[in-house]
Amino acid sequence: MQGFGTTIFAEMSALATATGAINLGQGFPDSDGPPAMLETAVEAIRGGLNQYPPGPGLPELREAVAEQRRGRYGLSYDPATEVYVTVGATEGIAASVLALAGPGDEVIAFEPTYDSYAATVALAGAVLRPVLLRPVEGRFTFDPDELRAAVGPRTRLILVNSPHNPAGTVFTRAELETIAAVCREHDLIAVTDEVYEYLTFDGAEHVPLATLEGMRERTVTVSSVGKTFSVTGWKTGWITAPARYVRAVQTVKQFLTYATGGPWQHATAYALRNELPWVEDLRKSLEGKRDRLITGLEAAGFTAYRPQGTYFVQADIRPLGFTDGMALARELPAKAGVVAIPTQVFYQRPEAGAHFVRFAFCKQDEVIDEAVRRLAALRP
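Calculation rules
- Residues numbered from 1 in each chain as written.
- Predicted model: local features only at pLDDT ≥ 70, side-chain atom pairs only at ≥ 80, totals over all residues.
- Heavy atoms only, no water.
- Helix = DSSP H or I, 4+ residues; strand = E, 2+ residues; numbered from the N terminus.
- Rg over C-alpha atoms; globule rule 2.2 N^0.38 Å.
- Buried < 20%, exposed > 50% of the residue type's maximum accessible area, 1.4 Å probe, protein only.
- Salt bridge = Lys/Arg side-chain N within 4 Å of Asp/Glu carboxyl O.
- 1 Å grid on protein atoms, 1.4 Å probe; cavity = no way out; pocket = protein on both sides within 12 Å on 5 of 7 lines; lining within 4 Å.
- Points joined across faces, edges and corners; volume = space filled by probe spheres on them.
- Domains from an automatic or database assignment.
- Polar contact = N/O pair within 3.5 Å; in protein donor to acceptor, adjacent residues only side chain to side chain.
- Contact = heavy atoms within 4.5 Å.
- Pairing = 2+ DSSP bridges.

Chemist: I'd love a proper account of the overall build of the chain, names of residues and values included.
Modeler: When helices and strands are counted, the chain shows 12 helices and 15 strands. Here the C-alpha atoms of the chain give a radius of gyration of 20 Å, agreeing with the 21 Å that 2.2 N^0.38 yields for 380 residues. If you line up the chain on its principal axes, its C-alpha atoms span 60 × 55 × 40 Å. Counting all 380 residues of the chain, 58% fall into the buried class.

Chemist: Quick one: what's the story with the pattern of salt bridges, residue by residue and with numbers?
Modeler: Applying the stated criterion across every chain yields a total of 26 salt bridges. We note a salt bridge from Glu-82 to Arg-216, for which the minimum N-O separation is 2.8 Å. Here the residue Glu-82 occupies a position in the loop between helix H3 (59-73) and strand E2 (83-86), and Arg-216 occupies one in the loop between strand E8 (189-193) and strand E9 (219-224), the gap between them amounting to 134 residues. Residue class for Arg-216 comes out partly exposed when judged on its relative accessible area of 22%. In this structure, Lys-253 engages Glu-91 in a salt bridge whose closest nitrogen and oxygen atoms are separated by 3.7 Å. You can see Lys-253 sitting in helix H8 (residues 243-253) and its partner Glu-91 sitting in helix H4 (residues 88-100), a full 162 residues away along the chain. Here Lys-253 falls in the buried class, since its relative accessible area comes to 0%. Overall, the relative accessible area of 9% leaves Glu-91 in the buried class. One salt-bridge network, held together by shared partners, links Asp-202, Arg-290, Asp-291 and Arg-306.

Chemist: How would you explain the layout of surface pockets if you had to name every residue and give the values?
Modeler: One number sums up the size of the largest pocket: a volume of about 1,100 Å³. If you go around the largest pocket, you meet 48 residues; those closest to its centre are Thr-7, Phe-9, Tyr-114, Asp-115 and Ser-116. With 7 residues, helix H5 (residues 115-123) is the single largest residue contributor to the lining of the largest pocket. Counting contributing residues, the lining of the largest pocket receives three or more from each of domain 1 (8-33 + 277-376) and domain 2 (35-273). Reported here for the second largest pocket is a volume of approximately 170 Å³. Surrounding the second largest pocket, 14 residues form its lining, Ser-31, Ser-230, Leu-282, Ser-285 and Lys-289 being those nearest its centre.

Chemist: I'd love a proper account of the side chain of Arg-218, names of residues and values included.
Modeler: By the element assignment, Arg-218 lies in the loop between E8 and E9. A distance of 3.1 Å separates polar atoms of two side chains, one belonging to Arg-218 and the other to Asp-187. Residues contacting Arg-218, with those up to four places away along its chain left out, are Cys-183, Arg-184, Asp-187, Leu-188, Ile-189, Ala-190 and Tyr-245.

Chemist: Tell me about the sheet that holds strand E12 (residues 312-316), and please be specific about residues and values.
Modeler: Across the sheet, which stays open at both edges, the 4 strands sit in the order E11-E12-E15-E14 with antiparallel pairing between neighbours. The sheet is open, and its two edges are formed by strand E11 (303-305) and strand E14 (341-342), each paired on a single side. Here E11 pairs with E12 via 3 bridges, running antiparallel. The residue of E12 that forms the bridge with Tyr-305 is Gln-314.

Function cannot be inferred from these measures alone, as they are strictly geometric.
Right under this line is the structure:
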């Protein structure tokens, strides 16, 4: 782990606290999830659900996840053997990579990559092979030839994040078909990070890779309650996969954390079955917040890319005369009283993303309005 150090999220959130700046860096909402879901967790605590739950997760949550995958996507999973609960999606991804890739293996991921991916691959002793996402006609996408060229004799896994953090892309069915074809041709396992599966905009459709031909049997899908229901601190996630992959992940995960909190699992099962209308209202609200932030960023002089999903807007800083996103992010609290994340930390070659910073819009409207008012001071 030499070279990884403190995460950029911890650094920038600490900077926001120290300076009193508005934190549009780390992706957490400033309002809570459905009240009935929260009360369900409180009732579970008061009702005595405070000791170790089963290692694979509460049966009721595994059943609720299986119902969700079947009802929303037509994917059938056995809740007893093909659904497994993790401490958030981050652990689900880490345990999957550690279980399915080893020293000398290669793991493909689309860059910019969420920061835990590179660290997890390093922990496995594997090698990360990035495939660059570039802006094309207002959205970030990849070159199919570059994806095919990234595959080598040691390639074992491909990490697929859609909706994509930090680029905001929702991969199209055609893009996913390209990924699926590469997986089938080279016998690769896909680990998919789908934590923003409900938070898509402008009619963009989230298509799970596992729904494509020949992919259910070679895909480990990861999701969680945090982003969907605005409870990022609950750290309750899950994987769905063929039983042999679940057994492999369990072998690793049981020695990482063993189990996650029973009250959160109980409340998450309730939410998946009862609170999806609340999630749709959240999605609509976030779409409006995205537009609110983009309007302000463009007025301040940034070039803003309109995300099709997630919590985040990528902003090009060059129109304002800046070229180093890391330097700007560290100066931004003093310059404008706002914190952002420098996108270059999500690249193996930081120069590829040095001219972008990432802003989060999962905040109250008045917070967004005050942030863009402050950012207007940057305009030459």
